[in-house]
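This is what each chain is made of:
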Number of protein chains: 2
Amino acid sequence: MPPTRQLHLGAFMRPVSLHTGAWRFPGAWPDANFSFRHIKRFVQTLESACFDAFFMADHLAVLNMPVNALKRSHTATSFEPFTLLSALASVTERIGLIATASTTFDEPYHIARRFASLDHLSDGRAGWNLVTTSNPDAARNFGRDEHMEHDERYRRAHEFYDVVTGLWDSWADDAFVRDTESGLFFDPDKLRVLDHKGAYLSVRGPLNIARPVQGWPVVVQAGSSEAGRQLAAETADAVFTAQPNLAAGKRFYADVKGRMERVGRAREHLKILPGAFVVVGDSRDEAQEKRALLDTFVHDDSGFASLSIALGHDVASFDPDGLLPEVPETNASRSARERVIDMARAEGLTVRQLAQRVGGYSGLQMVGTATDIADEMEQWLVEEGSDGFNVMFPYLPAGLDDFVAKVVPELQRRGIFRRVYEGTTLREHLGLPRPGNRFFENR
Amino acid sequence: MPPTRQLHLGAFMRPVSLHTGAWRFPGAWPDANFSFRHIKRFVQTLESACFDAFFMADHLAVLNMPVNALKRSHTATSFEPFTLLSALASVTERIGLIATASTTFDEPYHIARRFASLDHLSDGRAGWNLVTTSNPDAARNFGRDEHMEHDERYRRAHEFYDVVTGLWDSWADDAFVRDTESGLFFDPDKLRVLDHKGAYLSVRGPLNIARPVQGWPVVVQAGSSEAGRQLAAETADAVFTAQPNLAAGKRFYADVKGRMERVGRAREHLKILPGAFVVVGDSRDEAQEKRALLDTFVHDDSGFASLSIALGHDVASFDPDGLLPEVPETNASRSARERVIDMARAEGLTVRQLAQRVGGYSGLQMVGTATDIADEMEQWLVEEGSDGFNVMFPYLPAGLDDFVAKVVPELQRRGIFRRVYEGTTLREHLGLPRPGNRFFENR
Ligand SMILES: Cc1cc2nc3c(=O)[nH]c(=O)nc-3n(C[C@H](O)[C@H](O)[C@H](O)COP(=O)(O)O)c2cc1C
Ligand SMILES: Cc1cc2nc3c(=O)[nH]c(=O)nc-3n(C[C@H](O)[C@H](O)[C@H](O)COP(=O)(O)O)c2cc1C
């Protein structure tokens, strides 16, 4: 064990960047959505910097926004995660590969099989970002009129998790003896039929794939509601979360780790990784200029639509180049609304600038020199705001290359981030134990 | 266009071979089920021989046979096809990659996305082996007590095909303009919402992935019933079929091509590829010895179980080393029963030898020198028994290497098989046109 707590870094990726204006940034690769060559280049660079994992967000519908805004960004289409991450598995050696999959719109037998298969293909580098799916439009692509109710989604998710992990345990780790002499390929005593019958799912098993290399692939949770946090505390190996600042991060961290203790889990068996949008410059000014330039690439059609949704009020009547006027009360999400209004006041943003910020990216950001960013990350780690971050790059490839060339060496110099991979599996990178098999002791 | 009709060759693969005794053959790799390294070696060798495609069978349950027989073979577990073929996409350049996916136990939005994604990742080499799933045990892994009735499965399959191809057409080929200057990423006039509502499926769309490189990935059908052949004639680009001999192959070929003409399709727009189990030797005797040796590796537990199922009669009371006695009439499939009895009589097989044949592999086989095998393949081609074959290798790697080193050059010498890939996509390898988009003309 290294002497100080170590930072864990995931790369939270969309092929062109999560920022909706990034495809227009000078030097960006707007065609990365369907360019395997580009994505291979990204993941190999991240691996050279010893990132814990490469993580693909995923959605089961085109984003739910007006086509007038949608057409302005690169986010409508992209590769499907299992196919992409499997292709990346064969061009990488060590980096973890985390795919998003929905418990609301898929079947546990398929999910258990695919992650097990990715885990075998990658020699133990697979992770499952378990989501209940937030985009309500997905329902209509899967034969339903309405999205399943929020808490019910989480009840199904919990049962789904139980079934998937149960299927992963279908075979003991040493079930396959392959004795050519006697002709015994597997030991039938090391095979179990799950025979699950529950409120939402009925799945017999066994899984037609050997137990994953990691026992169970790493399970990640990304919900922040009461039900989401509880599910994470009970089951997850890592949590991805959107936290606006360190104070909120510390509350979230204490809350989830406290819930873990109450269900009898060790605090260090779950890593909390908030998303952080990182813009590196050789000076603070340069970093801030890049950040500001990026926002100018968010088209008005997209920015004003996003701002109107966030405020719950159509901003068309506002002067785009004036400061934000008083906004009438509405029944939009109050916390989202206040966060946006506070941001406008604090930074003195015009309506257009605010729209560009909200339409582009407006969550936690770290903008500055490599030292500034390392300071901030170290503070989160030391003060228990997080166990690391899911880094979002503002534009690609330059934003990623800057982070790898400048911030990573600074973190390594401080002794809070690895210089070489010590383990081979994603569980080992994250410092997580390999789960035992519920049916077979010590295997 | 080459002057003579060309043979098309797929490799119909299980990682260790389809023959259940193959893992015990001298020099075989019994651990290939979870060894990406081995499978990569197979596919790269096939690509060096210009095979049209690599094709993975798939099942959504452990094979439905007694565990006592199951434990004797390598067929119970393996990689999942999408993850495996995607990983293979990044270590190959030209060979087609065909994955099996079920219309009974999956969702059209998932299937359309994954094949589109594999098609983008592989630059147009994806194919879908559309199956309705024959193993009734799969139902119990997907929340159902019983398998859907045969003809209903095919009605759902047809609607499923319509939805998947409709989703592939969501975007015009030139929808993504990516104009950084004006900030227009896609042209909204080149996006269509499918809005399908049918007897079995209700799917809104659009798909969140660009139109596949091939327009539509190649669609393959593997059913041979009346309903299966009709679906193939109406929709498929290729048919995989089990035909016991040339006479049966010619009848099947004429039947399916005739059905195509009646629905207004050109005969050459569907390739018929029967499965052929090929054992190559430097002499006929050597080939036959290898074939016989292979069968001895089928364990009695597995052979007698398979033979009892095929005959509809428990063979435990028969003398294993005697000839097959009279078998009482039963209500097992009559054609399967008679085929097996005829085989025993024609070749003078003992009960054990017959059991080993049936438990190992008992369909169409070509056993002989490279010249013998090329003669036989050429005859099928010339007499319109097929447009090529799905080759099954008896054991790996040697059975595959022998085919590539000996039979392929002989086929090339005769001018009926390519020496280099002329096209880049699987459609081009198979000589199939790229489908137009139902919503957008000439695109
Ligand atoms: C960092 C982060 C990443 C997420 N990624 C996805 C994703 O890729 N796909 C998805 O459908 N939902 C994603 N979500 C949404 C969550 O899974 C969840 O559905 C949403 O936060 C609502 O859940 P809650 O009500 O528990 O907060 C993500 C959420 C966060 C915070
Ligand atoms: C060559 C061949 C390959 C097949 N591969 C698969 C397969 O991988 N998975 C599967 O579930 N069924 C497979 N099948 C079964 C068929 O898809 C189909 O379900 C079966 O032949 C019964 O259909 P039918 O009643 O139309 O003949 C295959 C059949 C043949 C002939």
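Since we're looking at a predicted model, the values are computed, not measured.

**A closer look at empty space enclosed by the protein**
- All told, the structure shown has 6 cavities of 30 Å³ or more when counted by the stated rule.
- Of the volumes computed, that of the largest cavity is approximately 110 Å³.
- Together, 16 residues line the largest cavity, and B:Asp58, B:Leu60, B:Thr100, B:Ala101 and B:Ser102 are the ones closest to its centre.
- Residues of the lining of the largest cavity, tallied by class, amount to 6 nonpolar, 5 polar and 5 charged.
- A volume near 90 Å³ is recorded for the second largest cavity.
- As for the second largest cavity, its lining consists of 15 residues, and the residues nearest its centre are A:Arg14, A:His59, A:Thr75, A:Ala76 and B:Asn208.
- When grouped by side-chain class, the residues that make up the lining of the second largest cavity number 7 nonpolar, 5 polar and 3 charged.

**Things to note about the pattern of salt bridges**
- All chains considered together, the criterion is met by 72 salt bridges over all chains.
- B:Arg114 is the partner of A:Asp106 in a salt bridge, and the nearest nitrogen-oxygen pair spans 3.7 Å. Of this pair, A:Asp106 sits in the loop between strand 3 (96-102) and helix 4 (108-121) while B:Arg114 sits in helix 4 (residues 108-121), placing the two residues on different chains.
- For A:Asp106, a relative accessible area of 8% gives the class buried.
- You can call B:Arg114 buried: its relative accessible area is 3%.
- Each of A:Asp169, A:Asp173, A:Arg211, A:Arg434 and A:Arg438 takes part in a single network of salt bridges with overlapping partners.

**Re the site of ligand 2**
Residue and element names in this part refer to chain B.
- Near ligand 2, the surroundings consist of 19 residues, among which Asp-58, His-150, Tyr-154, Ser-224 and Ser-225 are the closest.
- In the model, a nitrogen atom of ligand 2 is placed 2.6 Å from a nitrogen or oxygen of the Asp-58 main chain.
- Contact distances for ligand 2 include 2.9 Å between an oxygen atom and a backbone N or O atom of Ser-224.
- Alone, ligand 2 offers 620 Å² of accessible surface; in the complex the protein occludes 83% of this.
- Within the residue set of the shell around ligand 2, elements represented by two or more residues are strand 4 (126-131) and helix 5 (150-168).
- Looking at the shell around ligand 2, its residues break down into 7 nonpolar, 11 polar and 1 charged.

**Quick look at the domain arrangement of chain A**
Residues and elements named next belong to chain A.
- With domains assigned, chain A is organised as domain 1 (8-143 + 210-280 + 369-430) and domain 2 (282-365).
- In this structure, domain 1 and domain 2 have C-alpha centres spaced 25 Å apart.
- At the junction of the two partners, domain 1 supplies 30 residues and domain 2 supplies 21 residues.
- Note on domain 1 versus domain 2: buried area summed over both sides is about 2300 Å², and carbon and sulfur give 62% of it.
- One can count 4 salt bridges joining domain 1 with domain 2.

**What to know about the site of ligand 1**
Residue and element names in this part refer to chain A.
- Residues in close proximity to ligand 1 total 18 residues, the closest being Asp-58, His-150, Tyr-154, Ser-224 and Ser-225.
- In this structure, an oxygen atom belonging to ligand 1 sits 2.6 Å away from a side-chain N or O atom of Tyr-154.
- Ser-225 places a side-chain nitrogen or oxygen 2.5 Å from an oxygen atom of ligand 1.
- Computed on the free molecule, ligand 1 has an accessible area of 610 Å², of which 83% lies beneath the protein chains in the complex.
- Considering only residue class, the shell around ligand 1 consists of 7 nonpolar, 10 polar and 1 charged.

**Re the nonpolar core**
- In this structure, A:Phe51, A:Phe54, B:Phe51 and B:Phe54 are the most contacted members of the largest nonpolar core, which totals 238 residues.
- Dropping the residues within four chain positions of it, A:Phe51 is found in contact with A:Leu9, A:Gly10, A:Ala11, A:Leu46, A:Ile95, A:Val391, A:Phe393, A:Phe403, A:Val408, A:Phe417, A:Arg418 and A:Tyr421.

**Focus on the interface of chain B and chain A**
- Taken together, the contact pairs 69 residues of chain B with 69 residues of chain A.
- Between chain B and chain A the total buried area reaches about 6100 Å² when both faces are included, carbon and sulfur atoms providing 62% of it.
- Considering only the surface of chain B that becomes buried against chain A, B:Arg113, B:Leu121 and B:Phe185 emerge as the three largest contributors, covering 10% of it.
- Our count for the contact surface shared by chain B and chain A stands at 6 salt bridges.
- The residue B:Glu80 makes a salt bridge to A:Arg114 at a minimum N-O spacing of 3.2 Å.
- Here chain B is connected to chain A by 39 residue pairs in polar contact (both at pLDDT 80 or more).
- Secondary structure elements with two or more residues in the side of chain B that touches chain A: helix 2 (67-70), helix 3 (81-89), helix 4, strand 5 (176-179), strand 6 (184-186) and strand 8 (202-203) of chain B.
- For the side of chain B that touches chain A, the class distribution of residues is 33 nonpolar, 21 polar and 15 charged.

**Here we look at the relation of the copies chain B and chain A**
- The transformation that overlays chain B on chain A combines an axial shift of 0.0 Å with a rotation of 180°, and the residual RMSD is 0.0 Å. Taken together, the rotation and translation relating the two chain copies correspond to the operation of a two-fold axis. Among all residues of chain B, the one whose C-alpha sits closest to the rotation axis is B:Ala87, at a distance of 2.0 Å.
- Looking at the interface residues of chain B, 100% of them are also at the interface in chain A, so both copies use one shared face.

**Digging into the packing of aromatic side chains**
Residues and elements named next belong to chain B.
- One pass over the full model with this rule turns up 48 aromatic pairs over all chains.
- Between the aromatic rings of Phe-176 and Phe-185, the centroid separation amounts to 6.1 Å while the plane-to-plane angle is 70°, which identifies the pairing as edge-to-face. In terms of burial, Phe-176 and Phe-185 fall into one category: buried.

**Focus on the pairing of strand 2 (residues 53-56) of chain B**
Residues and elements named next belong to chain B.
- By the alternation rule, side chains of strand 2 split into Ala-53 and Phe-55 and Phe-54 and Met-56, which are all buried.
- Bridge count for strand 1 (residues 8-13) against strand 2 is 4 bridges, and the pairing is parallel. For Phe-12, the partnering residue across the bridge sits in strand 2 and is Phe-55.
- Where the polypeptide runs from strand 1 across helix 1 (residues 36-48) and back to strand 2, its parallel neighbour, the crossover connection is right-handed.
- Bridge analysis of strand 2 against strand 3 (residues 96-102) gives 4 bridges, and the strand direction is parallel. Looking across to strand 3, one finds that Phe-54 is bridged to Leu-97.

The rules behind these values
Residues numbered from 1 in each chain as written. Chains lettered and ligands numbered in written order. Predicted model: local features only at pLDDT ≥ 70, side-chain atom pairs only at ≥ 80, totals over all residues. Heavy atoms only, no water. 1 Å grid on protein atoms, 1.4 Å probe; cavity = no way out; pocket = protein on both sides within 12 Å on 5 of 7 lines; lining within 4 Å. Points joined across faces, edges and corners; volume = space filled by probe spheres on them. Nonpolar A, V, L, I, M, F, W, Y, C, P; charged D, E, K, R; others polar. Salt bridge = Lys/Arg side-chain N within 4 Å of Asp/Glu carboxyl O. Helix = DSSP H or I, 4+ residues; strand = E, 2+ residues; numbered from the N terminus. Buried < 20%, exposed > 50% of the residue type's maximum accessible area, 1.4 Å probe, protein only. Near = heavy atom within 4 Å. Polar contact = N/O pair within 3.5 Å; in protein donor to acceptor, adjacent residues only side chain to side chain. Areas by Shrake-Rupley, 256 points an atom, 1.4 Å probe, with all protein chains shown as cover. Domains from an automatic or database assignment. Contact = heavy atoms within 4.5 Å. Buried area = accessible area lost by both parts, 1.4 Å probe. Core = buried A, V, L, I, M, F, W, Y, C linked by side-chain atoms within 4.5 Å. Least-squares fit on C-alpha atoms with pLDDT ≥ 70 in both. Phe/Tyr/Trp six-rings, centres within 6.5 Å; stacked < 30°, edge-to-face > 60°. Pairing = 2+ DSSP bridges. Right-handed = clockwise from strand over helix to strand, strands pointing away.

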